[in-house]
Amino acid sequence: ETGVTQSPTHLIKTRGQQVTLRCSSQSGHNTVSWYQQALGQGPQFIFQYYREEENGRGNFPPRFSGLQFPNYSSELNVNALELDDSALYLCASSDSLAGGQETQYFGPGTRLLVL
Amino acid sequence: AQSVAQPEDQVNVAEGNPLTVKCTYSVSGNPYLFWYVQYPNRGLQFLLKYITGDNLVKGSYGFEAEFNKSQTSFHLKKPSALVSDSALYFCAVRDTRGGSYIPTFGRGTSLIVHP
C-alpha cells in the first residue's frame, strides 16, 4: 500500500452538479497528479501540481480544476457534471519533478457516478 | 504525439508457466516507460520503469521488462506465473521531447493465471 489517500471512496451526483475530490499525498511528496479512468480504459492525465502551481494539463475542459495546498494535499473540482464524467478518479504523488523519470504512487481512487 | 498500445485485452496462462504482457509505444524523442498493476477496486501499483541504460529492467514481485528500441516495445515478463498475479496491467510512456512529460497509458491487459 502507498501512503496516498483519497476521499470519498464513492460518490453519486446528478448531472449539472459540482463535486470536490480530495487527495492526501505520501509523506515527503510535493507533486500531485490527477487521472480519470473510465470503465475499461487506462488512466487519462488531467493535470499535475508542483508546489501549489499547476505544472501540466491534459486534454480536459476548464470545468476540471484543482488546487494544491501548502501541505501538498490536493483537490480536484469538477463543475457542471456530465454523464461521461462517471469514472474512477485517481490521485498520484511523487517526490519531485525529475524530468519525467519520477515514479508516481497512486491512491485507491474515488469512484464517481453521475446520474 | 505519443501513444501506447497493449494489443491483447486478455492474457491467459497456467500457474508456473512464463508470462508475457505486450506493450508497444510511439514517441518523438526517447521514451520513459513504466508498468503498473491494478487489482480490483484498487489504485495502480508501480512495478518497474525504464529510463536509460540496461535494456532489461527488473522490478517488483519477480517481474521484468525488456526495452527494445528497434521494435518500440517494452514487454512485461515473469518466468513463473502465480495465481496471485491475476490483475490488470498497464503500460505507460512519457516522451522526453517537448518537456511536458505528460504520461500516456495503454488501455490495459487483463492477466488471468489459472491454477
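Structural data are supplied above this passage.
Described in the following lines is the structure provided in the data block. Sequence order sets the numbering: in each chain, residues are counted from 1 along the sequence as written. A letter from A marks each chain and a number from 1 marks each ligand, given out in the order of writing. Local features in this predicted model are restricted to residues of pLDDT 70 or higher, and side-chain atom pairs are both shown and tallied only at a pLDDT of 80 or more, whereas totals for entire chains, interfaces and linings draw on every residue. Here the side-chain values reflect all heavy atoms present in the structure, with hydrogen atoms and water set aside.

### Description of the overall build of chain A
Next, step 1: Within chain A one finds zero helices and eleven strands.
Next, step 2: Ordered by position from the N terminus, the helices and strands of chain A form the series β-β-β-β-β-β-β-β-β-β-β.
Next, step 3: C-alpha atoms define the radius of gyration in this analysis, and the globule rule sets the expected value at 2.2 Å times the number of residues to the power 0.38. Scaling as 2.2 N^0.38, a compact globule of 115 residues should have a C-alpha radius of gyration of about 13 Å, and chain A matches this with 13 Å.
Next, step 4: Each of the three principal axes of chain A carries a C-alpha extent, and together these read 40 × 30 × 25 Å.
Next, step 5: Expressed as a percentage of the 115 residues in chain A, the buried residues total 47%.
Next, step 6: The protein chains shown are the only cover counted for residues, whose accessible areas, like all others here, come from Shrake-Rupley with a 1.4 Å probe. Of the roughly 5,300 Å² that chain A leaves accessible, carbon and sulfur atoms contribute 48%.
Next, step 7: Only four residue types enter the charge count, namely Lys and Arg as positive and Asp and Glu as negative; His and the chain termini do not. All charge positions are set by atom: Lys at NZ, Arg at CZ, Asp at CG, Glu at CD. With 7 positive and 10 negative side-chain charges, chain A shows a separation of 8 Å between the mean positions of the two kinds. Helix numbering and strand numbering both begin at the N terminus, where a helix is a DSSP run of H or I of at least 4 residues and a strand a DSSP run of E of at least 2. With a 1.4 Å probe rolled over the protein chains alone, any residue whose accessible area is under 20% of its type maximum counts as buried; one over 50% counts as exposed, and the rest are partly exposed.

### A look at the interface of chain A and chain B
Next, step 1: Should any heavy atoms of two residues lie within 4.5 Å, those residues are considered in contact. Across the contact, 20 residues belong to chain A and 18 residues belong to chain B.
Next, step 2: When two components associate, each loses some accessible surface as probed by a 1.4 Å sphere; the sum of these losses over both components is called the buried area. For the chain A and chain B pair, buried surface summed over both sides reaches about 1,700 Å², with 50% attributable to carbon and sulfur atoms.
Next, step 3: By salt bridge we mean one thing: a side-chain nitrogen of Lys or Arg within 4 Å of a carboxyl oxygen of Asp or Glu. Here chain A is connected to chain B by one salt bridge.
Next, step 4: Here arginine 94 of chain B and glutamate 102 of chain A are joined by a salt bridge, their closest N and O atoms 3.5 Å apart.
Next, step 5: Contributions of two or more residues to the side of chain A that touches chain B are made by strand 4 (31-37) and strand 9 (87-94) of chain A.
Next, step 6: All residues other than Ala, Val, Leu, Ile, Met, Phe, Trp, Tyr, Cys, Pro, Asp, Glu, Lys and Arg, Gly among them, are scored as polar; the first ten of these are nonpolar and the last four charged. Here the residues of the side of chain A that touches chain B sort into seven nonpolar, ten polar and three charged.

### Some details on unusual backbone geometry
All names here are of chain A.
Next, step 1: Proline 8 follows serine 7 through a cis peptide bond whose omega is -10°.
Next, step 2: Relative to the helices and strands, proline 8 resides in the loop between strand 1 (5-7) and strand 2 (10-13).
Next, step 3: In this structure, alanine 80 takes a positive phi of about 45° despite not being glycine.
Next, step 4: Relative to the elements of secondary structure, alanine 80 occurs in the loop between strand 8 (74-78) and strand 9.

### Examining the environment of serine 94 of chain A
Residue and element names in this part refer to chain A.
Next, step 1: Relative to the helices and strands, serine 94 is located in strand 9.
Next, step 2: Sequence spacing of serine 94 and glycine 28 is 66 residues, and the spatial spacing of their C-alpha atoms is 8.5 Å.
Next, step 3: With near-sequence residues (within four places) excluded, serine 94 lies in contact with His29, Asn30, Thr31, Glu102, Thr103 and Gln104.

### Re the state of the cysteines
Next, step 1: Counting rule for disulfides: a pair of cysteine sulfur atoms within 2.5 Å. Under the counting rule described, the total for this entry stands at two disulfides over all chains.
Next, step 2: Across a sulfur-sulfur distance of 1.7 Å, cysteine 23 of chain A and cysteine 91 of chain A are joined as a disulfide pair. Because the sign of the S-S torsion sets the handedness, a value of about -55° for the bond joining cysteine 23 of chain A and cysteine 91 of chain A places this disulfide among the left-handed ones. Of this pair, cysteine 23 of chain A sits in strand 3 (residues 19-24) while cysteine 91 of chain A is found in strand 9, placing the two residues 68 residues apart along the sequence. For the pair cysteine 23 of chain A and cysteine 91 of chain A, one class covers both residues: buried.
Next, step 3: Between the sulfur of cysteine 23 of chain B and that of cysteine 91 of chain B lies a disulfide, 2.0 Å long from S to S. Negative torsions about the S-S bond denote left-handed disulfides, and the value of about -60° found for cysteine 23 of chain B with cysteine 91 of chain B makes this one left-handed. In this pair, cysteine 23 of chain B sits in the loop between strand 3 (19-21) and strand 4 (24-26) while cysteine 91 of chain B sits in strand 10 (residues 87-95), placing the two residues 68 residues apart along the sequence.
Next, step 4: Assessed through its relative accessible area of 0%, cysteine 91 of chain B is described here as buried.

### A few points about the pairing of strand 12 (residues 109-114) of chain B
Residues and elements named next belong to chain B.
Next, step 1: Alternating residues of strand 12 divide into Thr109, Leu111 and Val113, all buried, and Ser110, Ile112 and His114, none buried.
Next, step 2: Pairing analysis gives five bridges linking strand 2 (residues 10-14) to strand 12, with the strands arranged parallel. The partner of glutamine 10 across the bridge, within strand 12, is serine 110.
Next, step 3: Pairing between strands requires that DSSP locate at least two bridges from one strand to the other. Both strand 10 and strand 12 contribute to a ladder of three bridges, which runs antiparallel. Note on strand 12: the bridge partner recorded for leucine 88 is serine 110.

### A look at the layout of surface pockets
Next, step 1: A cavity, in this analysis, means grid points on a 1 Å lattice covering only the protein atoms where a 1.4 Å probe fits yet has no way out; a pocket is instead an open set bounded by protein on both sides within 12 Å along at least five of seven lines, and a residue lines either one if it has an atom within 4 Å of a point. Grid points are joined across faces, edges and corners, and a volume is the space filled by probe spheres set on the points. Taken as a whole, the largest pocket holds about 350 Å³ of empty space.
Next, step 2: Put simply, the parts of the chain that give the lining of the largest pocket at least two residues each are strand 4 and strand 5 (44-50) of chain A together with strand 11 (104-105) of chain B.
Next, step 3: When the residues that make up the lining of the largest pocket are grouped by side-chain class, the tally is eight nonpolar, nine polar and one charged.
Next, step 4: When its volume is computed, the second largest pocket comes out at roughly 300 Å³.
Next, step 5: Elements supplying a minimum of two residues to the lining of the second largest pocket: strand 10 and strand 12 of chain B.
Next, step 6: The residue inventory of the lining of the second largest pocket, partitioned by class, reads seven nonpolar, eight polar and four charged.

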